[in-house]
Amino acid sequence: MPRGRYSLHDPHDHTPFAEEHFQCAPGPSGWRYVSQRVTAAGHPGGSVDLTLDELGRPLRLELHTADWQVRGAALDGVTWVRSDTTGTHATEGNVRAHAFTGTSPAFLVATARLLRLTPSPSATRVRLVDLMEPVLAPRTVDQSWALLKREAHATDSGPLTVDEYQVTALDTGEQHTVHLAGDVVLAAPGVELEDLETPPSVFP
């Protein structure tokens, strides 16, 4: 069960905004990721609890910031309920999309798991609901993902397979690179892996 810490920052000006302390593991339903956030000022910054089914679809999502929360799942596309933390101001949403995305590294692993690409220059299109912080406002985005290469690196605990993805935002054409090892993000825009206590899990 990988357990560690990511630092999160603005991908454009590199302003740090949080640390995400996480653990994740494959399980009977598919894969689960849970984390707690601490803001750059040292305050509680919310949490992520994401469970995928065997096909990589979001079976259950609970996303919290200081003032907002979203509960969602794959249902007729993706369906969610967004509310303030008291639950008094709740709105429901549904979009014909494949999954959710956001600032948490969990969503990068989840999208890669959903697409299950093989190394190829050709890209696959995916529609996601981006839950934009700090108010978790939902926005539908289209991306293309291509698995450029897969390389094995020698480590003290055995070979580590690293996948390099090219992700393109189809509305702006902006491209960036994501490096994943199993269910851990090694590097991505706005994400740095600061600490990892145990090796990444390998998906079957």
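Since this is a predicted model, take the numbers as computed values, not measurements.

### Digging into the overall build of the protein
In step 1: Assigned secondary structure in the protein consists of one helix and 15 strands.
In step 2: What you see for the protein is a C-alpha radius of gyration of 16 Å, in line with the 17 Å of a compact globule of 204 residues.
In step 3: If one aligns the C-alpha atoms of the protein with their principal axes, the spans along those axes are about 50 × 40 × 35 Å.

### As for the pattern of salt bridges
In step 1: The tally for this structure, following the rule as stated, stands at 15 salt bridges.
In step 2: One salt bridge in this structure joins arginine 5 and glutamate 19, with 3.0 Å as the shortest N-O distance. Of the two residues, arginine 5 is situated in strand β1 (residues 3–9) and glutamate 19 in strand β2 (residues 16–26); the sequence distance between them amounts to 14 residues.
In step 3: The class of arginine 5 is partly exposed, set by a relative accessible area of 23%.
In step 4: The salt bridge partner of arginine 127 is aspartate 142, with a shortest N-O separation of 2.8 Å.

### Some details on the nonpolar core
In step 1: In terms of nonpolar packing, the biggest core is built from 44 residues, with Trp145 and Tyr165 touching the most fellow members.
In step 2: Broken down by element, the residue count for this core peaks at eight residues, all from helix α1 (residues 105–115).
In step 3: When sequence neighbours within four positions are dropped, the list of residues in contact with tyrosine 165 reads Ala112, Leu117, Trp145, Ala146, Leu147, His176, Thr177, Val178 and Leu180.

### Side note on the packing of aromatic side chains
In step 1: Summed over the entire model, instances satisfying the criterion amount to six aromatic pairs.
In step 2: Taking the centre distance of 5.9 Å and the plane angle of 45° together, the rings of tryptophan 31 and tyrosine 33 count as tilted. Note on accessibility: tryptophan 31 and tyrosine 33 belong to one class, buried.
In step 3: With centroids separated by 5.4 Å and ring planes inclined at 65°, the aromatic side chains of tryptophan 145 and tyrosine 165 adopt a geometry described as edge-to-face.

### Structural notes on the environment of tryptophan 80
In step 1: Residue placement: tryptophan 80 occurs in strand β7 (residues 78–84).
In step 2: Given the relative accessible area of 7%, tryptophan 80 is considered buried.
In step 3: Between the C-alpha atoms of tryptophan 80 and leucine 61, which are 19 residues apart in sequence, the distance is 8.7 Å.
In step 4: For tryptophan 80, the residues in contact, after removing those within four places along its chain, are Val70, Arg71, Gly72, Thr91, Glu92, Gly93, Asn94, Val95, Phe100, Val129 and Pro138.

### Quick word on the side chain of aspartate 163
In step 1: Position of aspartate 163 among the secondary structure elements: in strand β12 (residues 158–169).
In step 2: Among the polar contacts listed, one links the side chain of aspartate 163 to the side chain of arginine 150, at a separation of 2.7 Å.

### A closer look at unusual backbone geometry
In step 1: The omega torsion of the bond from glutamate 133 to proline 134 falls at 10°, within 30 degrees of zero and hence cis.
In step 2: When you line up the elements, proline 134 lands in the loop between β10 (124–132) and β11 (137–155).
In step 3: Positioned with a positive phi, histidine 14 is a non-glycine residue whose angle comes to about 65°.
In step 4: Among the secondary structure elements, histidine 14 is positioned in the loop between β1 and β2.
In step 5: Take histidine 14: its relative accessible area is 53%, and that puts it in the exposed class.

### Focus: the pairing of strand β5 (residues 58–64)
In step 1: Summarising the sheet, strand β4 (residues 44–52) and β5 pair through six bridges and their orientation is antiparallel. Its bridge partner lying in β5, leucine 50 is registered against leucine 61.
In step 2: Linking β4 back to β5 in an antiparallel pair, the connection comprises five residues, with glycine 56 at a positive phi of about 90°.
In step 3: Judged from the four bridges that link them, β5 and strand β6 (residues 68–74) form a sheet pairing that is antiparallel. Its bridge partner lying in β6, leucine 61 is registered against glycine 72.
In step 4: Where β5 hands over to β6, the hairpin turn is made up of three residues, counted between the paired strands.

What counts and what doesn't
- Residues numbered from 1 in each chain as written.
- Predicted model: local features only at pLDDT ≥ 70, side-chain atom pairs only at ≥ 80, totals over all residues.
- Heavy atoms only, no water.
- Helix = DSSP H or I, 4+ residues; strand = E, 2+ residues; numbered from the N terminus.
- Rg over C-alpha atoms; globule rule 2.2 N^0.38 Å.
- Salt bridge = Lys/Arg side-chain N within 4 Å of Asp/Glu carboxyl O.
- Buried < 20%, exposed > 50% of the residue type's maximum accessible area, 1.4 Å probe, protein only.
- Core = buried A, V, L, I, M, F, W, Y, C linked by side-chain atoms within 4.5 Å.
- Contact = heavy atoms within 4.5 Å.
- Phe/Tyr/Trp six-rings, centres within 6.5 Å; stacked < 30°, edge-to-face > 60°.
- Polar contact = N/O pair within 3.5 Å; in protein donor to acceptor, adjacent residues only side chain to side chain.
- Pairing = 2+ DSSP bridges.

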